[in-house]
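Spelled out, the chains give:
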Amino acid sequence: MPIFMVFLLGFIIGKFKALDLKTLSFLAINVLYPLLVFYTFYQNPIGIEHITVFIIFLTLIISMIVIISLYAMTFKISRQKKYAMFLTGIFMNAGNFGIPLVVLVFNEDIMTYALMVMVVMSVFMNSLGLYFATSGANSSVTMKQSLLKVFKMPMLIAMVLGMLTQVLNITLTDPILNIIAMLSDSAIPLVMIILGLQLAKITFRNVDYLSVSFIVLLRLVISPLIVISLLTFINLDPTLAIVVIVLAAMPSAVNTTIFSIEYKVAPDFSSAVTFFSTVGSIITLPIWLSILL
């Protein structure tokens, strides 16, 4: 798939050139992606389907927590590793990977749903994910601190502002829209390169490969199967249903590794899951797409 060639380009650059990844990530996550989110929601009104998608992914998160908890109890997994499994098993790479894939495979009209999933998962990552990371590290982050972090997220603010323009019937001038559109167009290529750069920096050793394999299987196979089972009870547009399944089959989010390293929650384990799930998705995603399309 062409999308993997872009990731590979970033990976190769990352192996031979030390770039300021923190600055690039900040630019993508806090400037370009919020503009893309705003522009998409400005152009596309919110419908009942968006609420349905939110409910599907909330149910998926709860299901994954239950499955991982049962695995951890069965195999007597340590507290630290269990929370690392929560991080890597629950949070998929909807941003750097999911959005570019949806844009390449489907038309742009469907991107508003993919962006909503990305924003929703970002909210959960910066609240529930932060809780998992600090709990696994025996650190203390209050609920107030987590909520403040969520409410300050530029992508969430951009989504709300985009929705407000629809509700209040606000129309922006063409010069402003053209600038936003131009910057938005640069978001997806940049995050694809960034993912390759991030993967190039991942290192791991002394890894429990049985648990790594379990989480990789959970992310790439079981997660989309859970969504498919949920869709048997929900009447959703066929194309949107495919997009939801594909997003559920995304590999682990790279940010889970960043959280694990920052809070020292089994960082080698998280790095291994992120790397192998991303590499494994090269095989599983084309299979899912061939089945669904």
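These numbers come from a predicted model, not from an experiment. The residue count restarts for each chain, going from 1 along the sequence in the order it is written. Per-residue local features of the predicted model are confined to residues with pLDDT of at least 70, and side-chain atom pairs are confined, for both listing and counting, to 80 or more; whole-chain, interface and lining totals are unaffected and use all residues. Only hydrogens and water are set aside; all other atoms, that is, all heavy atoms of the structure, feed into the side-chain values.

1. Some thoughts on the pattern of salt bridges
The condition is simple: Counted as salt bridges are all cases of a side-chain nitrogen of Lys or Arg within 4 Å of a carboxyl oxygen of Asp or Glu. Counting from the N terminus, the helices are the DSSP runs of H or I reaching at least four residues and the strands are the DSSP runs of E reaching at least two.
Counted under the stated rule, the structure contains 1 salt bridge. Salt-bridge contacts for Lys 81 lead to Asp 208; the nearest nitrogen and oxygen are separated by 3.4 Å. Of the two residues, Lys 81 sits in helix H4 (residues 79–90) while Asp 208 sits in the loop between helix H10 (187–200) and helix H11 (209–231), which places them 127 residues apart along the sequence.

2. Looking at a nonpolar patch on the surface
Our working rule: Residues form patches when they are more than 30% accessible in relative terms and have no salt bridge. Like charges link within 9 Å. Nonpolar side chains (Val, Leu, Ile, Met, Phe, Trp, Tyr) link within 5 Å. Method for areas: the Shrake-Rupley scheme with a 1.4 Å probe, in which residue coverage is limited to the protein chains shown.
Residues Ile 48, Ile 51, Phe 54, Ile 55, Leu 58, Ile 62, Val 66, Leu 70 and Met 73 make up a contiguous nonpolar surface patch of about 840 Å² in total accessible area. Along the chain, Ile 55 falls in helix H3 (residues 48–74).

3. Digging into the side chain of Ser 211
Inclusion rule: Polar contacts, as used here, are pairs of N or O atoms within 3.5 Å; protein pairs need one atom able to donate a hydrogen and one able to accept it. Residues neighboring in sequence count only if both atoms are side-chain atoms. The contact criterion used is simple: two residues touch if any of their non-hydrogen atoms lie within 4.5 Å.
One can find Ser 211 in helix H11. Looking at Ser 211, its side chain comes within polar contact range of the side chain of Tyr 71, at 3.0 Å. The residues contacting Ser 211, other than those within four sequence positions of it, are Tyr 71, Ile 77, Met 85 and Phe 269.

4. As for H10
We count it as follows: A helix's residues, less one, multiplied by 1.5 Å, set its expected span. Buried means the residue's accessible area, taken with a 1.4 Å probe over protein chains only, is under 20% of the maximum for its type, while exposed means over 50%, and partly exposed covers the values in between.
The first and last C-alpha atoms of H10 sit 20 Å apart over 14 residues, in line with the 20 Å expected at 1.5 Å per residue. For H10, the buried fraction is high: 12 of the 14 residues fall into the buried class. Taken residue by residue, H10 has Ala 187, Ile 188, Leu 190, Val 191, Met 192, Ile 194, Leu 195, Gly 196, Leu 197, Gln 198, Leu 199 and Ala 200 as its buried positions.

5. A look at the confidence of the model for the protein
What counts, and what does not: Per-residue confidence from the predictor is reported as pLDDT, which spans 0 to 100.
Considering every residue of the protein, the mean pLDDT works out to 86; 95% of them sit at 70 or more. Within the protein, the lowest mean pLDDT, 68, falls on helix H7 (residues 143–151), and the highest, 97, falls on H11.

6. Quick notes on the packing of H11 against helix H14 (residues 267–292)
Stated precisely, the cut-off is as follows: All axes are obtained by fitting lines to C-alpha atoms, using only the stretch in contact for helices, and the reported angles, taken between N-to-C directions, cover 0 to 180 degrees. Any angle from 65 to 115 degrees is called roughly perpendicular, while one under 35 is roughly parallel, one over 145 is roughly antiparallel, and all others are oblique. Two helices cross in a left-handed way if the nearer one is turned anticlockwise from the farther one by less than a right angle. They cross in a right-handed way if the turn is clockwise.
At a minimum axis distance of 9 Å, the contact between H11 and H14 shows a crossing angle of 40°. Taken as axis vectors, H11 and H14 run oblique relative to one another. In the packing of H11 onto H14, the handedness of the crossing is right-handed. Contacts between H11 and H14 pair Tyr 209, Ser 211, Val 212, Ile 215, Val 216, Leu 220, Val 221, Pro 224, Leu 225 and Ile 228 from the former with Phe 269, Ala 272, Val 273, Phe 276, Ser 277, Gly 280, Ser 281, Thr 284 and Trp 288 from the latter.

7. Re the packing of helix H5 (residues 94–105) against H10
Keep this limit in mind: Charged residues are taken to be Asp, Glu, Lys and Arg, nonpolar residues to be Ala, Val, Leu, Ile, Met, Phe, Trp, Tyr, Cys and Pro, and polar residues to be all remaining types, Gly included.
It is at 9 Å that the axes of H5 and H10 come closest, and there the two elements cross at 135°. In terms of orientation, H5 and H10 fall into the oblique class. By crossing handedness, the relation of H5 to H10 is classed as left-handed. Here Gly 95, Asn 96, Phe 97, Ile 99, Pro 100 and Val 103 of H5 lie close against H10, whose contacting residues are Ile 188, Val 191, Met 192, Ile 194, Leu 195 and Gln 198. When its residues are assigned to classes, the contact of H5 with H10 shows 9 nonpolar, 3 polar and no charged.

8. Overview of the side chain of Ser 270
Examined against the element boundaries, Ser 270 turns out to sit in helix H14. Judged by its relative accessible area of 0%, Ser 270 is buried.

9. Topic: the environment of Asn 206
Residue position: Asn 206 is located in the loop between H10 and H11. Take Asn 206: its relative accessible area is 80%, and that puts it in the exposed class. Sequence spacing of Asn 206 and Leu 70 is 136 residues, and the spatial spacing of their C-alpha atoms is 24 Å.

10. Concerning the packing of aromatic side chains
Put simply, the test is: Put simply, two rings from Phe, Tyr or Trp (the six-membered ring, in Trp's case) pair if the centres are within 6.5 Å, and we call them stacked under 30 degrees between planes, edge-to-face over 60, tilted for the rest.
The tally for this structure, following the rule as stated, stands at 12 aromatic pairs. Considering the side-chain rings of Phe 4 and Phe 97, the 5.6 Å spacing of their centres and the 85° angle between planes classify their relative orientation as edge-to-face. Note that Phe 4 is positioned in helix H1 (residues 2–16) and Phe 97 in helix H5, a separation of 93 residues in sequence. A relative accessible area of 0% means that Phe 97 is categorised as buried. Taking the centre distance of 5.6 Å and the plane angle of 70° together, the rings of Tyr 83 and Phe 86 count as edge-to-face. Here the residue Tyr 83 and the residue Phe 86 both occupy positions in helix H4, the gap between them amounting to 3 residues, near one helical turn.

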